[in-house]
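Here is how the chains run, residue by residue.
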Amino acid sequence: MNQKLPNATTVLVLGIVAILGSCCCNGIVGVICGLIGMNLYNKDNTLYLQNPGVYSDYDNLKTGRILCIIGLIIGVLSLAYMIFVLSTVGWDGYMEQINQLKNMGK
């Protein structure tokens, strides 16, 4: 009987949270979740490669890995943009941009 990899679902969920966190939280959450997901992926991938016939949900693990990579990329780009904005216009200029974006919808 096949068993599930211990962290396949966790890696998948962390990949989804990494993408959402990268878009919503200036990349910090995305980078953290992406790194944790990749670490868990490496552990389960090693376990799967030792005995591939025993485990059944390797596809979820691969999908989670792809989502974690996408979340990491978006998160790093978001962080780089935030650092760029903060270094050029400062915190006050950044907050002014945020307020302008909020007022555009009104």
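In this text the structure is predicted, and so the values were computed from the model without any measurement. (Residues numbered from 1 in each chain as written. Predicted model: local features only at pLDDT ≥ 70, side-chain atom pairs only at ≥ 80, totals over all residues. Heavy atoms only, no water.)

A. Local environment of helix H2 (residues 28-50). Taking 1.5 Å per residue, 23 residues should reach 33 Å; H2 reaches 34 Å between its end C-alpha atoms and fits that length. Buried within H2 we find Gly30, Val31, Cys33, Gly34, Gly37, Met38, Leu40, Tyr41, Asp44, Asn45 and Tyr48. Packed against the buried residues of H2 are helix H1 (8-24) and helix H3 (58-104). (Helix = DSSP H or I, 4+ residues; strand = E, 2+ residues; numbered from the N terminus. Expected span 1.5 Å × (residues − 1). Buried < 20%, exposed > 50% of the residue type's maximum accessible area, 1.4 Å probe, protein only. Contact = heavy atoms within 4.5 Å.)

B. Molecular detail of H1. Its 17 residues give H1 an end-to-end C-alpha distance of 24 Å, which sits within 8% of 24 Å, the value for a rise of 1.5 Å per residue. All of the buried residues along H1 are Ala8, Val11, Leu14, Gly15, Ala18, Gly21 and Ser22. Along the axis of H1, the buried residues cluster in a sector spanning 145°; they form a single face. Exposed residues lying more than 90 degrees from the buried face of H1 are Leu20, Cys23 and Cys24. Elements that come into contact with the buried residues of H1 comprise H2 and H3. Residue Asn26 follows H1 closely and has a positive phi angle near 55°. (Arc of directions from axis to C-beta.)

C. Representation of the side chain of Ser22. Note on placement: Ser22 falls in helix H1. Separated by 2.8 Å, the side chain of Ser22 and the backbone oxygen of Gly71 make a polar contact. Ignoring sequence-local partners within four residues, the contact set of Ser22 consists of Gly27, Gly30, Gly71, Ile74, Gly75 and Ser78. (Polar contact = N/O pair within 3.5 Å; in protein donor to acceptor, adjacent residues only side chain to side chain.)

D. Just the layout of surface pockets, in detail. Of the pockets and cavities examined, the largest pocket occupies roughly 220 Å³. Lining the largest pocket we find Ser22, Cys23, Cys24, Asn26, Ser78, Tyr81, Met82, Tyr94, Gln97, Ile98 and Leu101. The residue inventory of the lining of the largest pocket, partitioned by class, reads seven nonpolar, four polar and no charged. (1 Å grid on protein atoms, 1.4 Å probe; cavity = no way out; pocket = protein on both sides within 12 Å on 5 of 7 lines; lining within 4 Å. Points joined across faces, edges and corners; volume = space filled by probe spheres on them. Nonpolar A, V, L, I, M, F, W, Y, C, P; charged D, E, K, R; others polar.)

E. Fine view of the pattern of salt bridges. Going through the model one piece at a time under the given rule, you end up with one salt bridge. Across the pair Lys62 and Asp59 runs a salt bridge, and its minimum N-O distance is 3.7 Å. Note that Lys62 and Asp59 are positioned in helix H3 at a spacing of three residues, about one turn of the helix. Classification of Lys62 by relative accessible area gives partly exposed; the value is 38%. (Salt bridge = Lys/Arg side-chain N within 4 Å of Asp/Glu carboxyl O.)

Honestly, it's all geometry; don't read function into it.
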